[in-house]
There are 2 protein chains.
Amino acid sequence: MSHPVSPLAPPRQPDLPPVPGVRLATAQAGIRYRDRTDVLFVLLDPGTRAAGVFTRSKCPSAAVDWCREALGAGEAEARALVVNSGNANAFTGLRGREAVRLTAGIAGQAAACAPGQVFIASTGVIGEPLDATKFEGVLADCAGRADPGAAGWAQAARAIMTTDTFPKLATRRVRLGDAEVTLNGIAKGAGMIAPDMATMLSFVFTDAALPAPLLQALLARGAQTSFNCVTVDGDTSTSDTLMLFATGRAGNAAIASLDDPRLAAFAAALDDLLVELAQLVARDGEGARKLVTVAVTGASDDRAAHRIAMSIANSPLVKTAVAGEDANWGRVVMAVGKAGEPADRDRLAIWFGDVRVAAEGARDPAYDEAAASAVMREPEITIRVDLGLGGGAARVWTCDLTKAYVEINGDYRS
Amino acid sequence: MSHPVSPLAPPRQPDLPPVPGVRLATAQAGIRYRDRTDVLFVLLDPGTRAAGVFTRSKCPSAAVDWCREALGAGEAEARALVVNSGNANAFTGLRGREAVRLTAGIAGQAAACAPGQVFIASTGVIGEPLDATKFEGVLADCAGRADPGAAGWAQAARAIMTTDTFPKLATRRVRLGDAEVTLNGIAKGAGMIAPDMATMLSFVFTDAALPAPLLQALLARGAQTSFNCVTVDGDTSTSDTLMLFATGRAGNAAIASLDDPRLAAFAAALDDLLVELAQLVARDGEGARKLVTVAVTGASDDRAAHRIAMSIANSPLVKTAVAGEDANWGRVVMAVGKAGEPADRDRLAIWFGDVRVAAEGARDPAYDEAAASAVMREPEITIRVDLGLGGGAARVWTCDLTKAYVEINGDYRS
């Protein structure tokens, strides 16, 4: 189960400050792993509002169903978050739904709130029944120990890891109207990471005071250019959950509209933080040794650009070429061609890093194999494609496909 | 470049009889490989009709463009076929189009026909200019040596291989009205094999006398349930070409309509031969050690069933689980969920071989891990999914994703 830390991990983890209104604790509930934490319990002050973006899978986990329903209540308070690793509680039928209800009941008692104010996320193996009685005592103990201390954030990010090789954290400090607010985020995910959704699990906490519909709009928009632009293997999880909790403790003056100019800096900081977290997920792609940015310009529109970028980022042949440090731009042409979006072979231009390898439907006359190969040896590579058709643009992140990916996923369960 | 023969290869190659009206020869043109044949030249008797199904890539190869145009002429005669391996002549711009014209000219002279009666297919590296002058002399020599002999078919299948580890041949003998006709087919392809197209290269030859529109209708229909149901890596080639040539030498009485009952046996034999060739492609998937049949039933319609089957067959997580002999049906649930087609988690049932592992949205109560694991150790595995929604069904073939796939594709060019 234990794999070496990704060579693409940041050299050091950021220190996250406390977020007023948020207290955290982690514990070993023995869900699946031994000798490591596998539960995160977050206590949220009264008045906390929540927003969420979830997997579009037709087979969502029981926890995703629960969160969707709890959020459906709109301005309902969010008072607690329980996250466990090791078991996704997905495709577990009636027992899965009962496990979620039991978890919410135990967490509600520990947090002194209603079960409907508890949010739940689970990650790990699909199809195994989750024994929620293991949370009994554990969550009450967590509630007693929970504190806003900075050390808690690193521990929180670690407790939700599965095949991740490093914890993923990011923070921003930004002005919101008349107050300074903090945004802290954590994420997990290394495989089963794919387009058109939030990634497996990511949670963002802020002390900003903002109504739930605004939080939801900001989060949905932010997910589009961050988590929805990351792919490791094109496989969409049953459990993908991205949530934003706002405690309101910063006490900023009320903001009611998405168009309020006082919101701009906060929205930009949120977007930026989500991109940082999403990139961390790509950096920890299972078996990854290269971080690949795919930038598409000149497409007929942004949607077409995104689909072409994802076709490149999900192509096993492109990803194995990157793993082999091979400037194989023919495979990029193939991936553009199969995307099904408007493309004119004879207008296509392709760059690896700053080296233009192809232009006007053929190899660039000035193409320098040595220069392109030098780009491929870097740990971070940008593949740029210009379609020459219109103004559509997109940028997505992925990693290479290595033998280690096959190894990790050939024996994950056993 | 040389990889061990796939363990899924048939124990022996079939012997193909001559097809009246078809003569073959192979040669070493030195396109890219050393010490092996890399050109197939097929001479077709006057009166031969042709049909073709080609890649849906938006960046097709110059040869695909050429064949589409030549077929566009409808009842035009097909008199020769040139296939080279080692260079796909794709994304080669103006030079690529000139190379195709030059090839057709050289082949036309050798076969004593018009260049527009020559069909061309190229497979290999994308983006490298193809030096068609290498065909000069070679094709004229081939024309002198070409014969209908049975040995020629095995050599033909070998000359068009790239990363293939074994030649792919199939044959059928069937009644067509008042005559017995032969159907011979060859195929190549091991990577860049994906849904919604013909596979890389496959050619079928018959002595049946049938008009071109009928041949086209039969071929297009046959491709749907054969090559369009095979995926190795979800990557669609720029060069996919499936062609059917009918010399008419069997002299059967004229058949003008697709509904003519005399056509039924021929159509069934063609479909069957196409399925055999398509399965051979999956058996030679790059790095493959397992042949996987994915059968989906109970979907809302056939199209939905096909998309769900392809989502399972293309999932890197399902394919690595198969490589690891892990009965990880949770990943099958994931792949059903991400397909975007109607699915009801609580009606889903899943089998590995004859072992039902999941039913009604949860693990089968009678699930036997040992029995499922025994299925996974077999070289040929069927994954069956019933959606419980309607009458839609589909069946597709794929292979496992192994470290060898990464190895093969990490150093294909270098």
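Not measured: the values here are computed from a predicted model.

Reading the values: rules and limits
- Residues numbered from 1 in each chain as written.
- Chains lettered and ligands numbered in written order.
- Predicted model: local features only at pLDDT ≥ 70, side-chain atom pairs only at ≥ 80, totals over all residues.
- Heavy atoms only, no water.
- Helix = DSSP H or I, 4+ residues; strand = E, 2+ residues; numbered from the N terminus.
- Rg over C-alpha atoms; globule rule 2.2 N^0.38 Å.
- Buried < 20%, exposed > 50% of the residue type's maximum accessible area, 1.4 Å probe, protein only.
- Contact = heavy atoms within 4.5 Å.
- Areas by Shrake-Rupley, 256 points an atom, 1.4 Å probe, with all protein chains shown as cover.
- Lys, Arg positive; Asp, Glu negative; His and termini not counted.
- Charge placed at Lys NZ, Arg CZ, Asp CG, Glu CD.
- Least-squares fit on C-alpha atoms with pLDDT ≥ 70 in both.
- Salt bridge = Lys/Arg side-chain N within 4 Å of Asp/Glu carboxyl O.
- Axes fitted to C-alpha atoms, helices over the stretch in contact; angles between N-to-C directions.
- Parallel < 35°, antiparallel > 145°, perpendicular 65-115°, else oblique.
- Left-handed = near helix turned anticlockwise from the far one by under 90°.
- Pairing = 2+ DSSP bridges.
- Phe/Tyr/Trp six-rings, centres within 6.5 Å; stacked < 30°, edge-to-face > 60°.
- Lys NZ or Arg CZ within 6 Å of the ring centre and 35° of its normal.
- Arc of directions from axis to C-beta.
- UniProt positions renumbered as here; feature names shortened; annotations may be inferred.
- Domains from an automatic or database assignment.
- Buried area = accessible area lost by both parts, 1.4 Å probe.
- Polar contact = N/O pair within 3.5 Å; in protein donor to acceptor, adjacent residues only side chain to side chain.
- Nonpolar A, V, L, I, M, F, W, Y, C, P; charged D, E, K, R; others polar.

### Comments concerning the overall build of chain A
What chain A contains, in helices and strands, is 11 helices and 15 strands. Here the C-alpha atoms of chain A give a radius of gyration of 22 Å, agreeing with the 22 Å that 2.2 N^0.38 yields for 414 residues. A principal-axis box enclosing the C-alpha atoms of chain A has dimensions of 70 × 55 × 40 Å. Counting over 414 residues, chain A shows a buried share of 64%. Sequence separation of at least 24 residues holds for 81% of the intrachain contacts in chain A that already meet a minimum separation of 6. Accessible surface, chain A as shown: approximately 14000 Å² in total, 50% of it carbon and sulfur. If you average the places of the 41 positive and of the 47 negative side-chain charges in chain A, the two averages end up 2 Å apart.

### A short note on the relation of the copies chain B and chain A
Structural alignment of chain B on chain A gives an RMSD of 0.0 Å, achieved by rotating through 180° and translating 0.0 Å along the axis. Seen this way, the second copy is the image of the first under a two-fold rotation axis. Nearest to the rotation axis, the C-alpha of Lys403 of chain B is located 2.4 Å from it, this being the minimum over chain B. Comparing contact sets, 100% of the residues at the interface of chain B also lie at the interface in chain A, consistent with an isologous, same-surface contact.

### Here we look at the pattern of salt bridges
Pairing is possible between side chains of opposite charge, provided their charged atoms come close. Applying the stated criterion across every chain, the model contains 40 salt bridges over all chains. Across the pair Asp141 of chain A and Arg145 of chain A runs a salt bridge, and its minimum N-O distance is 3.0 Å. Taken together, the residues span about one helical turn, with Asp141 of chain A and Arg145 of chain A both in helix 3 (residues 138-145) at a distance of four residues. Exposure remark for Asp141 of chain A: the relative accessible area of 42% places this residue in the partly exposed category. For Glu325 of chain B, the salt bridge goes to Lys290 of chain B, with nearest N and O atoms at 2.7 Å. Of the two residues, Glu325 of chain B is situated in the loop between helix 8 (316-323) and helix 9 (329-338) and Lys290 of chain B in the loop between helix 6 (264-283) and strand 10 (291-299); the sequence distance between them amounts to 35 residues. For Lys290 of chain B, a relative accessible area of 5% translates into the label buried. Residues participating in the shared-partner salt-bridge network are Asp65 and Arg97 of chain A together with Arg345 and Asp346 of chain B.

### Considerations on the packing of helix 2 (residues 93-111) of chain A against helix 3 of chain A
For any two helices packed against each other, one specifies the crossing angle of their axes together with the interaxial distance. All names here are of chain A. Contact geometry for helix 2 and helix 3: axes closest at 8 Å, N-to-C directions at 30°. As summarised for this structure, helix 2 and helix 3 are arranged roughly parallel, according to the angle between their axes. Viewed along their axes, helix 2 and helix 3 form a crossing whose handedness is right-handed. Contacts from Thr103, Ile106, Ala107 and Ala110 of helix 2 reach helix 3 at Leu139, Ala140 and Ala143.

### Looking at the sheet that holds strand 11 (residues 349-352) of chain B
Residue and element names in this part refer to chain B. Strand order in the open sheet made by the six strands is 13-12-11-14-10-15, with mixed pairing throughout. The open sheet has two edge strands, strand 13 (362-363) and strand 15 (392-399), and neither has a second partner. Taken together, the three bridges between strand 11 and strand 12 (residues 355-359) define a ladder with antiparallel strand orientation. From the neighbouring strand, Trp351 faces strand 12, where its bridge partner is Arg356. Contacts from helix 6 reach strand 10, strand 14 (380-386) and strand 15 within the one sheet, and its direction differs from that of strand 15 by about 45°.

### Focus: the packing of aromatic side chains
For the coordinates displayed, the defined rule picks out eight aromatic pairs over all chains. On the numbers, 5.6 Å between centres and 65° between planes, the contact of Phe91 of chain A with Trp329 of chain B is edge-to-face. Taken together, the residues span two chains, with Phe91 of chain A in the loop between strand 4 (80-87) and helix 2 and Trp329 of chain B in helix 9. A single burial state applies to Phe91 of chain A and to Trp329 of chain B, both of which are buried. Centre to centre, the rings of Phe205 of chain B and Phe245 of chain B are 5.4 Å apart; their planes meet at 15°, and the pair counts as stacked. Placement of the pair is Phe205 of chain B in strand 8 (residues 201-206) and Phe245 of chain B in strand 9 (residues 241-246), with a sequence separation of 40 residues. What links up through ring pairs into an aromatic cluster is the set Phe119, Trp153, Phe205 and Phe245 of chain A. Above the plane of the ring of Trp351 of chain A lies Arg384 of chain A, whose end atom (NZ or CZ) is 3.8 Å from the centre.

### A word on helix 4 (residues 151-159) of chain A
Among the residues of helix 4 of chain A, those classed as buried are Gly152, Trp153, Ala156, Ala157 and Ala159 of chain A. Taken around the axis of helix 4 of chain A, the buried residues stretch over an arc of 160°, which confines them to a single face.

### Some details on unusual backbone geometry
Residue and element names in this part refer to chain B. Despite not being glycine, Asp35 shows a phi value in the positive range, around 55°. Along the chain, Asp35 turns up in the loop between strand 1 (22-27) and strand 2 (39-44). Even without glycine at this site, Phe91 takes up a positive phi of about 55°.

### Things to note about the UniProt feature "binding site: substrate" (unreviewed entry) in chain A
Residue and element names in this part refer to chain A. Mapped onto the present numbering, the UniProt feature "binding site: substrate" (unreviewed entry) falls on Thr162, Lys188, Thr199, Glu286, Asn409 and Ser414. Summarising the element assignment, Lys188 is placed in strand 7 (residues 179-188). Here Lys188 falls in the buried class, since its relative accessible area comes to 0%.

### Here we look at the domain arrangement of chain A
Size of an interface: often given as the accessible area lost when the parts come together. All names here are of chain A. Each assigned domain of chain A is listed with its residue range as follows: domain 1 (22-283) and domain 2 (291-410). In this structure, domain 1 and domain 2 have C-alpha centres spaced 33 Å apart. Carbon and sulfur atoms make up 59% of the area that domain 1 and domain 2 hide from each other, which totals about 1200 Å². Contact with domain 2 buries area across many residues of domain 1, yet Cys229, Thr231 and Arg283 alone supply 39% of it, more than any other trio. One salt bridge in this structure joins Glu380 and Arg283, with 2.9 Å as the shortest N-O distance. Remark: the boundary between domain 1 and domain 2 carries one residue pair in polar contact (both at pLDDT 80 or more). Classifying every residue of the side of domain 1 that touches domain 2 gives six nonpolar, seven polar and three charged.

### A look at the sheet that holds strand 9 of chain B
All names here are of chain B. An order of 3-9-8-7-6 is seen for the five strands of this open sheet, with the pairing classed as mixed. Pairing within the sheet leaves two strands with one partner each, and these edge strands are strand 3 (49-54) and strand 6 (168-176). Put simply, the sheet's adjacent strands are angled 15° from each other on average, direction ignored. Both strand 6 and strand 7 (residues 179-188) contribute to a ladder of nine bridges, which runs antiparallel. In the sheet register, Ala170 faces strand 7, and the bridge partner there is Gly185. Each of strand 6, strand 7, strand 8 and strand 9 touches helix 6; the most contacted strand, strand 6, lies at about 170° to it.

### A look at the environment of Ala265 of chain B
Structurally, the position occupied by Ala265 of chain B is in helix 6. Taking the C-alpha atoms as reference points, Ala265 of chain B and Leu176 of chain B, separated by 89 residues in sequence, lie 6.9 Å from one another.

### Observations regarding the interface of chain B and chain A
Taken together, the 63 residues of chain B in the interface contact 63 residues of chain A. With both chains or domains summed, chain B and chain A bury close to 5100 Å², and 57% of this area falls on carbon and sulfur atoms. Put simply, chain B and chain A have eight salt bridges between them. Residue Glu128 of chain B is joined to Arg363 of chain A by a salt bridge in which the shortest nitrogen-to-oxygen separation is 3.5 Å. In this structure, the connection of chain B to chain A is made through 11 residue pairs in polar contact (both at pLDDT 80 or more). Only helix 1 (62-72), helix 2 (93-111), helix 8, helix 9, strand 13 and helix 11 (403-410) of chain B provide two or more residues apiece to the side of chain B that touches chain A. Here the element with the most residues in the side of chain B that touches chain A is helix 9 of chain B; it accounts for eight residues.

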